[in-house]
Amino acid sequence: MAKMEVKTSLLDDMIGVGDMVLLEPLNEDSFINNLKKRFDHNEVYTYIGSVVISINPYRSLPIYNPEKVEEYRNRNFYELSPHIFALADEAYRSLRDQDKDQCILITGESGAGKTEASKLVMSYVAAVCGKGAEVNQVKEQLLQSNPVLEAFGNAKTVRNDNSSRFGKYMDIEFDFKGDPLGGVISNYLLEKSRVVKQPRGERNFHIFYQILSGASEEFLCKLKLERDFSRYNYLGLDSARVNGVDDASNFRTVRNAMQIVGFMDHETQSVFEVVAAVLKLGNIEFKPESRANGLDESKIKDKNELKEICELTGIDQSVLERAFSFRTVEAKQEKVSTTLNVAQAYYARDALAKNLYSRLFSWLVTRINESIKAQTKVRKKVMGVLDIYGFEIFENADNSFEQFIINYCNEKLQQIFIELTLKEEQEEYIREGIEWTHIEYFNNAIICDLIENNQTGILAMLDEECLRPGTVTDDTFLEKLNQVCATHQHFESRMSKCSRFLNDTSLPHSCFRIQHYAGKVMYQVEGFVDKNNDLLYRDLSQAMWKANHSLIKALFPEGNPAKINLKRPPTAGSQFKASVATLMKNLQTKNPNYIRCIKPNDKKAAHIFNEALVCHQIRYLGLLENVRVRRAGYAFRQPYEPCLERYKMLCKQTWPHWRGPARAGVEVLFNELGIPEDEFSFGRSKIFIRNPRTLFKLEDLRKQRLEDLATLIEKIYRGWKCRTRFLLMKKCQIVIASWYRRYAQQKKYQKIKSSAITVQSYIRGWKARKVLRELKHLKRCNEAATVIAAYWHGTQARRELRRLKDEARNKHAIAVIWAFWLGYKARRELKRLKEEARRKHAVAVIWAYWLGLKVRREYRKFFRANAGRKIYEFTLQRLMQKYFLEMKNKMPSLSPIDKNWPARPYLFLDSTHKELKRIFHLWRCKKYRDQFTDQQKLIYEEKLEASELFKDKKALYPASVGQPFQGAYLEISENPKYKKLKDAVDEKIIIAEVVNKINRANGKAASRIFLLTKNNVLLADQKSGTIKSEVPLGDVTKVSMSSQNDGFFAVHLKEGSEAASKGDFLLSSDHLIEMATKLYRTTLSQTKQKLNIEISDEFLVQFKQDKVCVKFIQGSQKNGNIPTCKRKNNRLLEVAVP
Ligand SMILES: Nc1ncnc2c1ncn2[C@@H]1O[C@H](COP(=O)(O)OP(=O)(O)OP(=O)(O)O)[C@@H](O)[C@H]1O
Ligand SMILES: [Mg+2]
C-alpha cells in the first residue's frame, strides 16, 4: 500500500514559538518566557531562523534514539519541531548535495552542553552517512577520538563535571558521495595551570584519577605509582571522586578507544609513563640551604621520588637534579649559571610539569590526526565542528590571562557570526531579488581591535613588555596599558591620571576592565606577564631532551644543544592570536551553522530554569540582537510550494487544487485574503512576510478553515454513509424475495414430476410384458428349426471329412516315397564328392613335399656357407643380453662394505664379471663419498691418514677406528672454568683434551690439558688452566710410541730449542691415535715437513740432562686393562702393558 506523505511544519503543535523570529512582541521577557515554556515541556531546542538554541536539560531525554534520527533524516529544516538533528541534517545534505563546505559553531558557557552537542552532531552524521566496513572504521575512529581527548583534556570543575579545558576544532572530511574519509583536529590553549593547582572543589585532568583507579596493580607498579590519591600533591583531594563518574571503567574505555584510534602498545605505554612522571614531579620537594657566599640555594628533600622519575623517563638523575638547582642563561657568547632558590626551584618544577603535560596533549592530538587522516587524495568536502570555551566571567575580579584569551576568541567568533549572518541574509535577498534594507547592529570589530591591533592592541603591548629588557612586572604592563588605551571607549582602568574611572571603587587598582560585546569583564593583571612568557628554563628542556625516552625527547626538540636558538620562543598570547586568525580564515570559507548552548541553572540539576542566569547568557550571546537582525527585513520566508500547500484551503481558486505555478497561486491567495501589500514581498522562489503577525493571522485563518473543512467533510461523510446503507438494504431485500420465489416453484415442480413418473412407469410395465410374451414364442420356434438344421449339417460334414481323410493319406504316401528317393540320390552324390576331395588333397600334399625337397636341395649349399656364423653371433648376443638383464635384477646394495656379488653364469664371461664387480664397487664408493659434507671429508681424510700411519703397526689402532675424531673434547670457549685459558690462547684450538703427564722421577701420572693449535702444542694445568709449557710446532721433532695396546707417547723436542730445556714430554692418552694423527697433519701443513713417528717397544726420551729408555713389556692384568709405569733405575722406565 502506498504510504501517504503527510506534510508537516514547524508551526504544527508548537509550544510557545519554535522559531524566535516569530516571537511577538519581541523583548527580553517574552524571549525568556518562550524559552522557559518550551523547556518546561521538554522542548530544549528553539530556532532563531537557522540558528539552534540548545538548553542543557541535565537529564537524558528520549530524543536522540535511532527512530528520531530516521524522523529527521532528509527532512526540510522547518518541517519538524526544532532539533539539533535538523541542523546536522541540513548541514550534511547541503555538503553532500550542493558541495558546500560546512562548519558548525557551538558556543556557550561552561556546562552549557557544547561538547555533548558536538557529539550529537557527529553521531547523527555518522548514522546517516554511508555504510560499509571501511567507512564504518573511519566513523569509529573519528568517534573514538573523543573519549581519548576528553580523558586528557577534560576535568571536573565547579561548573561542569566534564568540562573541556581546551578548545577543539575538528574537520570531518567526506568524499563526493558523502562518505566520511577522515578528519583533522586542531586544539587550542589547554588550561595547563590545572596540572599543578586546581581551585577548590575542582579536580585535575580526568586521566590522573583514571589511571590510579583503573590500572591493574602490575601496571601501576610498572609506572611506579600507588593507588592512593592522597599520595600525590598535584591531585586536589577535596573532590577526588565525582558522583556518577566511574574512573576505573572510564580508564578501560580510554584504553580501548586508544586502541581503536590506532595507538601502538608501546605508544600507549609511553603516554602513561609521561602522565606518571608528571604526577610524581609534584611530589618533589625542596628545602633551603645557605651557601658560604650568603646566597640561598635549594636542595631536593627526598631524592627517592626523583630517582623513580628518572628511572621511568630514562633521564640521568644528576642531570635533572642539576636542572632543578641551577639556571644557565646564555647570551651571545657568554654562559652564566646561577643557583635557584627554593621558590625558583618550585617554579621550575611546576613549569616542567605543565609543559610536559601540555606538550603531551598536543602530541596526542597530532598522533590522533595521523590515524584519522584521510587516506585518499581525492577532493574532499569538509564539515568542521568547533567546540570552544564560551565567554567566561568570574566574579571578584578572578579573571586572569586565560579568561582574557578565551573572551578574545569569543569576541572574534561573535564578529564572524555577525558578518556571516548578515552576509547570508543579504545574499538571500539578492538571490530572491528583494531590495536590501540596511540593518543597524553593533559591530564588535572595535573591541577585537583593542585586543589584537598589531601596534596598540593589548596583546601586542603585553608582548612588548615581556620582551623589553629591564625589570618587567605585571604592574609595569598595566601602566603601559593605561598610557596607550586610556582613551579607548571599551577600556576602563583607574590608574591613568585622566581616567574617567578614578572614583570607581568597584575597579581595583591592579585590574583593568574591558567592555566586551557580551558585557563588562574585570581582569586581574597579576600573572599576565608570566603566563604570556610561559617560561621553561633551558636547563630543564635540555635535561628532557637527554631523556632515554623517545616520546619525552620528541616533546622537547628545543633541548637539543645542536639546535640551540637564542631567540625567545613566541609568547602564549601571540601563538593564540595566530591560531585564532587561522581558525577565522578557515571558518570564513565555509557555510556556518550555529548552535548556541544555554545553561538553565548553576546546580547541574534537571527541571530548574534560573531566569536570571539564562537572561545573562542571552545577553552576552547577543541572541536578541540575532533575532532582530534576522527580522530586520522580513521575519518569515518560505518557498512557494510549501506555502501554497499549507494555506491553499483559504481561497476558492486554490482549493482543492491549483493547476498553475505555485507563485501565481500564492499571489491569488494573498490578494484574495486582502493582506496589505507592504506586509509581504515576492522573491524568486520564496514569499517573504514582513511581520510575524501576518503569519499568525494566516495560521489562525488556516485553523478556522480547517475546522470548517472538518465539519464539511463530516457532513458529507455522514450523508454518504446513510445512503450507502439504504441502498445496501434495498439490494438485499430483492435478493431475498427472488430466492424465496424460486424455492416455492421448485417444490411444486418436484411434486408434479414424481406423479407423472409413476403413471408413466405403470403403462410402460404393461407394454413391456406383452412384447416379452411375443418374443418368447418366437424364440422357441427359432430354436426348434436350428436343432433340425444342426443334425442335417452334422451328417453332411462327417461324410465330407471321411472323404478328405482318404485323399490326404494317399498324398502323404507319395510324399514319403519321393523323399526317400531324393535322400538316396543325395547320399550317393556326397560320397562321390568326398572321394574326389580326398584325392585332390593327396595330390596337393605330394606336390608340396616334392617342391620342399626341390627347394631344400637347391638351398642346402647356401646354408652351409653362411648360416652357421650368423646363428653363433645371434646366440652369443642373446646370452649377453640375458646376462645383463639378470644382472640388473640381482644387483647388490649400494653399501660399500657389502661383499655380495651374484655368481658368474657362464665361464666365458669370467673376466667381464670381475671387471663389472670392480667398476660397480668404485661407482658406489664414489656415490657414498659424494654425500660427505666438508667436515666429514676432513674426518675421513684424518682417518685415512691414521690408517696409513698406524694400521698393522700399533695395536691400539683398531680401537680408534670407531672413535669419532672430535678434537676439542674440552669446551674451552664455553666452559667458564677455562676462561683464563681461553683468553691466553687466541688461535683456533684443534685438540683440547686431558692427558696424563708421566713424572720423570717416579713414573706417576699427573693430569694436564693438552692443547694443539695451528702453531703450538700447549700443556696446561687442569685445575687452574695455567699454561705450563708452550712448544711451537717447528720444535717438535718426533713422536714415539709402542706397538702395543697402550696410550703412552713421547713428544721429542728439537735440541737446543727453548722448550727443550725442560726435556721431552712423556704423555698418555686414550685418544693417542687421533692426537698423533692431528699433530702429524698440523705439523705437515704448518712446517711442510713430515713429523717422524717412531713405533717401537723401546725408545729413548730426553729428561732434562739424561736420556732415559722407556721400555714396554707384557704385564699382568692386576690393574685391569690399565698399563702401569715404573722407574726402574736412572736409565730405565718400564711400562707394563696388560
Ligand atoms: N543534550 C543533553 N542531554 C542530556 N544531558 C546533557 C545534554 N547536554 C549536556 N548535558 C549534560 O551537561 C553536562 C555538561 O555538558 P558539556 O560537557 O557538553 O558542557 P560544555 O558546554 O562542553 O562545557 P565546558 O565548556 O565546560 O566543556 C554533560 O556532562 C551532561 O551531563
Ligand atoms: Mg566541553
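Please refer to the structure placed before this passage.
Residues numbered from 1 in each chain as written. Chains lettered and ligands numbered in written order. Predicted model: local features only at pLDDT ≥ 70, side-chain atom pairs only at ≥ 80, totals over all residues. Heavy atoms only, no water.

Chemist: Lay out the packing of helix 8 (residues 247-261) against helix 9 (residues 265-281) in plain terms, naming residues and giving numbers.
Modeler: Viewed as axis vectors pointing N to C, helix 8 and helix 9 meet at an angle of 135°, and their least axial separation amounts to 10 Å. Considering the angle they form, helix 8 stands oblique to helix 9. As for the relative orientation of helix 8 and helix 9, their crossing is right-handed in sense. Each of Phe251, Arg255 and Met258 in helix 8 lies in contact with helix 9, whose residues at this interface are Thr268, Val271 and Phe272. Split by residue class, the contact of helix 8 with helix 9 holds four nonpolar, one polar and one charged. (Axes fitted to C-alpha atoms, helices over the stretch in contact; angles between N-to-C directions. Helix = DSSP H or I, 4+ residues; strand = E, 2+ residues; numbered from the N terminus. Parallel < 35°, antiparallel > 145°, perpendicular 65-115°, else oblique. Left-handed = near helix turned anticlockwise from the far one by under 90°. Contact = heavy atoms within 4.5 Å. Nonpolar A, V, L, I, M, F, W, Y, C, P; charged D, E, K, R; others polar.)

Chemist: How would you explain the site of ligand 1 if you had to name every residue and give the values?
Modeler: In the vicinity of ligand 1 there are 17 residues, among which Ser110, Lys114, Thr115, Ser163 and Ser164 approach most closely. At a separation of 2.8 Å, an oxygen atom of ligand 1 approaches a polar side-chain atom of asparagine 56. At a separation of 2.9 Å, an oxygen atom of ligand 1 approaches a polar side-chain atom of asparagine 160. Within the complex, the protein chains bury 85% of what would otherwise be the 630 Å² of accessible surface of ligand 1. Contributing elements (two or more residues each) for the shell around ligand 1: helix 4 (114-128) and strand 5 (163-164). (Near = heavy atom within 4 Å. Polar contact = N/O pair within 3.5 Å; in protein donor to acceptor, adjacent residues only side chain to side chain. Areas by Shrake-Rupley, 256 points an atom, 1.4 Å probe, with all protein chains shown as cover.)

Chemist: Go over the sheet that holds strand 17 (residues 636-639) with me, naming the residues and quoting the values.
Modeler: Across the sheet, which stays open at both edges, the three strands sit in the order 17-19-18 with antiparallel pairing between neighbours. Edge strands, defined here as strands with exactly one partner in the open sheet, are strand 17 and strand 18 (680-682). With strand direction ignored, the average angle separating the axes of adjacent strands in the sheet is 20°. Pairing analysis gives three bridges linking strand 18 to strand 19 (residues 686-689), with the strands arranged antiparallel. Pairing of serine 681 across the sheet is with phenylalanine 688, part of strand 19. Along the sheet, helix 23 (residues 640-647) makes contact with strand 17, strand 18 and strand 19, crossing strand 17 at roughly 95°. The sheet strands contacting helix 24 (residues 662-673) are strand 18 and strand 19, and the helix crosses strand 18 at an angle near 155°. (Pairing = 2+ DSSP bridges.)

Chemist: Before we move on, can you summarise the pattern of salt bridges with the specific residues and values?
Modeler: All told, the structure shown has 67 salt bridges when counted by the stated rule. Aspartate 247 is the partner of arginine 203 in a salt bridge, and the nearest nitrogen-oxygen pair spans 3.1 Å. Placement of the pair is arginine 203 in the loop between strand 7 (180-188) and helix 6 (206-214) and aspartate 247 in helix 8, with a sequence separation of 44 residues. We classify aspartate 247 as buried; its relative accessible area is 5%. Residue lysine 686 pairs with glutamate 428 through a salt bridge whose shortest N-O separation is 2.4 Å. (Salt bridge = Lys/Arg side-chain N within 4 Å of Asp/Glu carboxyl O. Buried < 20%, exposed > 50% of the residue type's maximum accessible area, 1.4 Å probe, protein only.)

Chemist: Let's hear about the coordination of the magnesium ion (ligand 2): which residues, and what values?
Modeler: The magnesium ion (ligand 2) binds to the protein through Thr115 (OG1) and Ser164 (OG), with metal-donor distances spanning 1.9 to 2.0 Å. Within this pair, whereas threonine 115 is found in helix 4, its partner serine 164 is found in strand 5, the two being separated by 49 residues in sequence. Of the two residues examined, threonine 115 and serine 164, each falls in the buried class. (Donors = N, O, S within 2.8 Å, 3.2 Å for Na, K, Ca; no water.)

Chemist: How would you sum up the nonpolar core? Please name residues and give values.
Modeler: Core analysis: the largest hydrophobic core is formed by 210 residues, its most contacted members being Phe31, Phe152, Leu320 and Phe512. It is helix 12 (residues 342-372) that contributes the most residues to this core, 13 residues altogether. Within the second largest apolar cluster, 32 residues are counted, among which are Phe965, Leu1019, Val1036 and Phe1049. (Core = buried A, V, L, I, M, F, W, Y, C linked by side-chain atoms within 4.5 Å.)

Chemist: Account for the pairing of strand 15 (residues 519-524), naming residues and giving values.
Modeler: Bridge count between strand 14 (residues 511-516) and strand 15: six bridges; the pairing is antiparallel. Its bridge partner being in strand 15, glutamine 515 is matched across the sheet by lysine 520. Taken together, strand 14 and the strand that follows it, strand 15, pair antiparallel across an intervening segment of two residues.

Chemist: Describe a nonpolar patch on the surface, listing the residues and the values that go with them.
Modeler: A contiguous nonpolar patch, built from Trp818, Trp821, Leu822 and Tyr824 and spanning about 450 Å² of accessible area, is present on the exposed surface. A relative accessible area of 39% means that leucine 822 is categorised as partly exposed. (Patch = residues over 30% accessible without salt bridge, like charges linked within 9 Å, V, L, I, M, F, W, Y side chains within 5 Å.)

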